[in-house]
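Read off the chains here:
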Amino acid sequence: MASRGGEDPLERYRRMRDFARTPEPSGERPEPEDGDRRFVVQRHRATRRHYDFRLEIDGVLVSWAVPKGPTLDPGARRLAVHVEDHPIEYLHFEGVIPEGEYGGGDVIVWDMGSWEPVKPDDPATGVREGELHLDLHGEKLAGRFVLVRTEKGDSGGDKEQWMLLHKKDEHAVEGWDAEDHPRSVLTRRTNAEVKADPDRLWRSDLPAAEAAVELRAEAPEAPTLEQLEALDALGEEGDWEVFGRTVRVTNLDKELFPAREGEQPVSKRELLRYAAAIAPVVVPYLAGRALNMHRYPQGAGGKGFWHKELPDHAPDWLPRWDNPDADPGETQTYLVVDEAAALVWAANYGALEWHPWTSPTEAPDRPSYVLFDIDPGERTGWEETLELARLHRTAFDHMEVRAYPKVTGKRGIQVWVPIAPGPSFDETREWAEKVSRSIGTVLPDLISWKWQLKERNGRARLDYTQNAVNKTLVAPYSPRPAPGAPVSVPISWDELDDPDLRPDRWTIRSLPDRLEEVGDLFRPVLHHDQRLPKVR
Ligand code: MN
């Protein structure tokens with residue numbers, strides 16, 4: 001392309017990177033695509049936060065760094081610093097650039113779509129001559145934009161100052177600010193969320209075609225089809241070979257969950273199949289933690305009780321933990337679901353609900369999460385529960401705290417906040433109480449702070465008291481004892497605005513499709529790098 005005279009458009013990009021670590025320094029120029037020209041805007045938190053505005057022109061991404069971000073406000077002009085072209089492979093890159101490399105920081109695909117040059121017809125000419133009018137068709141950005149050079153830089157065009165503005169048209173919105181729309185259009189995540197749990201790295205020292213390095217560890221082994229069929233082939237009981245273990249399974253055709261309207265009841269066999277299928281997803285939330293089992297040996301229609309002590313008849317291979325702080329008469333030995341087969345064993349033992357400790361066995365007095373439990377009263381409607389959850393969203397957004405909501409599978413919503421080990425339970429509980437009380441001041445009529453159920457007059461409670469050793473909330477993806485076997489399911493914050501959301505929307509039967517569609521939205525809670533900000 002011709003925007004910089006005869007210079008290879010990627011030369012500058014290459015020069016800025018350290019190729020010392022690889023013998024093959026160059027990227028291939030990609031084939032031009034048929035059809036639409038593409039654009040991307042990446043929100044990039046590097047030394048300084050900025051938005052990278054990139055237009056596909058002649059096979060590369062011609063790029064400007066816009067400190068305040070593009071705007072739809074026709075009254076605003078945004079400084080846009082012309083920076084080096086990027087390879088087309090960078091178009092949909094979202095992830096982390098390692099510290100110490102050029103542009104080190106985190107990147108989200110803030111907007112993307114197609115664009116057309118309006119004036120001149122050949123956009124490379126416009127870039128060279130310092131004025132380009134264009135129409136954008138993105139998810140956030142739309143309408144007529146103008147890029148105009150205000151200050152000529154050196155001969156290479158390095159760091160030329162341009163201006164980016166939006167014309168007055170039907171897409172113009174006065175006062176529109178990019179920072180009010182902080183989520184990725186690819187994954188709906190924020191920069192902080194991507195930083196906490198990136199999917200990929202950009203290794204700018206590698207050729208462009210190889211620079212995006214996937215970080216997702218391979219999922220733990222799922223049960224094989226043969227293993228699942230072996231369960232179906234068993235009679236009322238038998239030995240099930242699964243995950244390399246032999247688990248004695250019993251009462252397989254017993255009805256464990258009453259039916260939902262229009263459905264069949266859920267058998268114990270079905271629960272065991274679910275436990276095996278979900279184990280690769282759920283074990284990371286259980287591993288290294290004592291498990292409090294909520295048992296319903298007679299099924300969800302019967303009475304449940306807490307069972308914490310691993311029974312004497314438990315097989316030797318089950319991972320376990322002896323609580324050194326247990327008093328006589330308290331539970332001494334807990335199950336620890338460090339491997340998938342242990343979850344199958346627990347489910348067969350009647351553990352319909354899985355409650356891992358908030359703290360790891362290696363440091364039981366140091367929580368890894370702060371938990372928020374929006375616990376509706378009998379008179380709290382679903383809309384009101386959602387209102388309370390949205391207030392949590394606003395609060396955590398405002399504090400820039402990473403926090404992850406899930407529906408409980410019953411009536412409520414919980415929020416989990418992962419933290420770096422350090423604070424005691426007294427400290428996390430106090431922090432949760434302060435946050436909850438300030439949220440509560442916004443909707444005081446909906447909330448009771450009374451401990452006793454009967455004193456709450458049917459109002460909701462924001463329960464911060466679960467932030468204590470050996471107090472637990474239900475694990476993500478755990479079934480709940482209710483008709484149809486509903487499941488506690490992570491949601492995105494945006495889903496609070498989805499009119500179809502229900503606290504018990506998903507069951508062990510519908511969860512696989514949900515996971516297929518959105519993946520495991522709770523994964524970032526496994527990153528414990530966060531320090532709690534001070535709250536008043
Ligand atoms: Mn950048």
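For the structure itself, look to the data block above.
Cut-offs applied
- Residues numbered from 1 in each chain as written.
- Predicted model: local features only at pLDDT ≥ 70, side-chain atom pairs only at ≥ 80, totals over all residues.
- Heavy atoms only, no water.
- Helix = DSSP H or I, 4+ residues; strand = E, 2+ residues; numbered from the N terminus.
- Contact = heavy atoms within 4.5 Å.
- Areas by Shrake-Rupley, 256 points an atom, 1.4 Å probe, with all protein chains shown as cover.
- Lys, Arg positive; Asp, Glu negative; His and termini not counted.
- Charge placed at Lys NZ, Arg CZ, Asp CG, Glu CD.
- Core = buried A, V, L, I, M, F, W, Y, C linked by side-chain atoms within 4.5 Å.
- Buried < 20%, exposed > 50% of the residue type's maximum accessible area, 1.4 Å probe, protein only.
- Domains from an automatic or database assignment.
- Phe/Tyr/Trp six-rings, centres within 6.5 Å; stacked < 30°, edge-to-face > 60°.
- Lys NZ or Arg CZ within 6 Å of the ring centre and 35° of its normal.
- Donors = N, O, S within 2.8 Å, 3.2 Å for Na, K, Ca; no water.
- Salt bridge = Lys/Arg side-chain N within 4 Å of Asp/Glu carboxyl O.
- Pairing = 2+ DSSP bridges.
- Arc of directions from axis to C-beta.
- Axes fitted to C-alpha atoms, helices over the stretch in contact; angles between N-to-C directions.
- Patch = residues over 30% accessible without salt bridge, like charges linked within 9 Å, V, L, I, M, F, W, Y side chains within 5 Å.
- Parallel < 35°, antiparallel > 145°, perpendicular 65-115°, else oblique.
- Left-handed = near helix turned anticlockwise from the far one by under 90°.
- Nonpolar A, V, L, I, M, F, W, Y, C, P; charged D, E, K, R; others polar.

### Regarding the overall build of the protein chain
Check the secondary structure of the protein chain and you find 10 helices and 25 strands. With the principal axes as the frame, the protein chain shows a C-alpha extent of 80 × 55 × 50 Å. Counting only contacts in the protein chain whose residues sit at least 6 apart along the sequence, the fraction spanning at least 24 positions is 65%. In the form shown here, the protein chain has an accessible surface area of approximately 24,300 Å², with 47% of it arising from carbon and sulfur atoms. Averaging the locations of the 71 positively and 97 negatively charged side chains of the protein chain gives two centres separated by 5 Å.

### Things to note about the nonpolar core
W240, L335, W345, W354 and F396 are the most contacted members of the largest nonpolar core, which has 92 residues in total. The leading source of residues in this core is helix α6 (residues 268–286), at 11 residues. Taken domain by domain, this core gets at least three of its residues from each of domain 2 (216–356) and domain 3 (366–536).

### Looking at the packing of aromatic side chains
Applying the stated criterion across every chain yields a total of 19 aromatic pairs. On the basis of an interplanar angle of 40° and a centroid distance of 5.8 Å, the ring pair of W321 and Y334 is categorised as tilted. Linking W321 in strand β18 (residues 320–322) with Y334 in strand β19 (residues 333–336), this pair joins segments that are 13 residues apart in sequence. On the numbers, 4.8 Å between centres and 20° between planes, the contact of W345 with Y349 is stacked. With respect to class, W345 is no different from Y349; both count as buried. Ring pairing ties together the aromatic residues Y285, Y369, W416 and F522, which thus form one cluster. Over the aromatic face of Y349 sits the side chain of R295, whose NZ or CZ is 3.7 Å from the ring centroid.

### Here we look at the coordination of the manganese ion
Coordination of the manganese ion by the protein involves H44 (ND1), H50 (NE2) and D52 (OD), with metal-donor separations of 2.1 to 2.2 Å. One chain supplies every donor to the manganese ion, and in sequence these donors are spaced H-x5-H-x1-D. H44 sits in the buried class, given a relative accessible area of 6%.

### Overview of unusual backbone geometry
Peptide bonds are mostly trans, and most non-glycine residues show a negative phi. In the segment running from K119 into P120, the intervening peptide bond is cis, with an omega of -10°. Mapped onto the fold, P120 is located in the loop between β6 (105–119) and α2 (123–129). Look at D58: it is not a glycine, yet its phi comes out positive at around 50°. Topologically, D58 is positioned in the loop between β2 (49–57) and β3 (60–66). Positive phi outside glycine occurs at E400, with the angle close to 55°. Along the chain, E400 falls in the loop between α8 (382–399) and β22 (404–407).

### Observations concerning the pattern of salt bridges
Oppositely charged side chains may form a pair once their charged atoms are brought near each other. Across all of its chains, the model carries 29 salt bridges by this definition. For the salt bridge of R49 with E179, the shortest nitrogen-to-oxygen distance reads 3.3 Å. Highlighted residues: R49 in strand β2 and E179 in the loop between β9 (160–166) and α3 (191–196), separated in sequence by 130 residues. The class for E179 is partly exposed, based on a relative accessible area of 26%. Put simply, E387, R390, R393 and D497 are held in one network by salt bridges that share partners.

### Remarks on the pairing of strand β13 (residues 245–249)
For strand β12 (residues 238–242) and β13, the ladder comprises 5 bridges, and the chain directions are antiparallel. Residue pairing for β13: D239 is matched across the bridge by R248. Counted between consecutive antiparallel strands, the loop separating β12 from β13 contains 2 residues, among which F243 sits at a positive phi close to 55°.

### Remarks on the environment of A460
Counting through the fold element by element, A460 comes out in the loop between α9 (425–440) and β24 (461–463). Among the residues examined, A460 registers a relative accessible area of 0% and is labelled buried. C-alpha of A460 to C-alpha of W449: the two residues are 11 residues apart in sequence and 8.5 Å apart in space.

### Digging into helix α5 (residues 225–233)
Regarding α5, the residues found buried are Q227, L228 and L231. The arc enclosing the buried residues of α5, seen along the axis, measures out at 100°, which places them on a common side. Among the exposed residues of α5, those oriented more than 90 degrees off its buried face are L225, E226 and A233. Against the buried residues of α5 lie β12 and α6.

### Let's talk about the sheet that holds β24
Strand pairing in a sheet takes place through backbone hydrogen bonds and is either antiparallel or parallel in direction. The strand order across the open sheet built from 5 strands is β24-β21-β23-β22-β25, with neighbouring strands paired in antiparallel fashion. The open sheet is flanked by β24 and β25 (489–490), the only strands paired with a single partner. Looking at chain direction, β22 and strand β23 (residues 413–418) are connected through 4 bridges and run antiparallel. The residue bridging Y404 from the neighbouring strand is W416, located in β23. Packed on one face of the sheet, α9 meets β21 (369–375) and β24 and runs near 35° to β21.

### Brief notes about a negative patch on the surface
Where like charges cluster on the molecular surface, the negative patch consists of D325, D327, E330 and D365. Mapped onto the elements of the fold, E330 is located in the loop between β18 and β19. For E330, a relative accessible area of 42% gives the class partly exposed.

### Considerations on the packing of α5 against α6
Packed helix pairs are characterised by how far apart their axes lie and by the angle those axes make with each other. It is the contact of α5 with α6, at a shortest axis distance of 10 Å, that shows an interaxial angle of 165°. Put simply, α5 runs roughly antiparallel to α6. With respect to the hand of their crossing, α5 and α6 are arranged in right-handed fashion. Facing α5, whose interface residues are L228, L231 and D232, α6 presents R269, L272, R273 and A276. Looking at the contact of α5 with α6 residue by residue, the classes come out as 4 nonpolar, no polar and 3 charged.

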